[in-house]
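Coordinate inspection notes
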Amino acid sequence: YHELVTQYGVLEPLAVVDLRPQSRAKVEVHFEGKVEVMNIRLDQTVADLKKQLRTIVQLPANNMRLYYIDQDMVKAFGPEEMKFNTRALHSFSIRDGDEIHVEPKTK
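Since this is a predicted model, take the numbers as computed values, not measurements.

Analysis parameters
- Residues numbered from 1 in each chain as written.
- Predicted model: local features only at pLDDT ≥ 70, side-chain atom pairs only at ≥ 80, totals over all residues.
- Heavy atoms only, no water.
- Helix = DSSP H or I, 4+ residues; strand = E, 2+ residues; numbered from the N terminus.
- Rg over C-alpha atoms; globule rule 2.2 N^0.38 Å.
- Buried < 20%, exposed > 50% of the residue type's maximum accessible area, 1.4 Å probe, protein only.
- Contact = heavy atoms within 4.5 Å.
- Areas by Shrake-Rupley, 256 points an atom, 1.4 Å probe, with all protein chains shown as cover.
- Lys, Arg positive; Asp, Glu negative; His and termini not counted.
- Charge placed at Lys NZ, Arg CZ, Asp CG, Glu CD.
- Pairing = 2+ DSSP bridges.
- Axes fitted to C-alpha atoms, helices over the stretch in contact; angles between N-to-C directions.
- pLDDT = per-residue confidence, 0-100.

What follows is about the overall build of the protein. From N to C terminus, the protein includes 3 helices and 5 strands. Tracing the protein from N to C terminus, the helices and strands come up as α-β-β-α-β-α-β-β. Whereas a compact globule of 107 residues would reach a radius of gyration of roughly 13 Å, the protein reaches 21 Å, over 25% beyond that. Expressed as lengths along the three principal axes of its C-alpha atoms, the size of the protein is roughly 75 × 25 × 20 Å. Put simply, the protein has 107 residues, and 29% of those count as buried. Put simply, of all contacts in the protein between residues at least 6 apart along the chain, 58% involve residues at least 24 apart. Of the roughly 8,000 Å² that the protein leaves accessible, carbon and sulfur atoms contribute 53%. Across the protein, the 15 positively charged side chains and the 16 negatively charged ones have centroids separated by 11 Å.

Have a look at this one:
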């Protein structure tokens, strides 16, 4: 060790890397021309998010469609419908600045 320090000097400490998955994201919720910024938990399901959105959009959970827009992929793929209520939000790879668009279901 001392020979290496003599030859190369004392090394800088290694970078600290946090590989834990993100647990929350700040997203924009769009509904009827209005935008609401929300801090959502990513461990919840689509059904849980719909329940949380009921008070904001004034729609019952079973009467709303959610579309996720990833800001990096929007030009390549477009919005992704969040149609499976049991799917966890983290599986969409939601990050800060992404958008969720809410639309009423049409009959």
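Judged by pairing direction, the sheet is mixed, and its 5 strands sit side by side in the order β2-β1-β5-β3-β4 without closing on themselves. Edge strands, defined here as strands with exactly one partner in the open sheet, are β2 (34–41) and β4 (80–81). Relative to strand β5 (residues 99–104), strand β1 (residues 24–31) runs parallel, the two sharing 3 bridges. Within β5, the residue paired with V29 across the bridge is I100. Against the sheet, helix α2 (residues 46–57) touches β1, β2, β3 (64–69) and β5, its axis set at about 105° to β3.

Another point: the confidence of the model for the protein. On average, the protein scores 91 in pLDDT, and the residues at 70 or more come to 96%. For the protein, per-element mean pLDDT is lowest for helix α3 (residues 74–77), which scores 66, and highest for β1, which scores 96.

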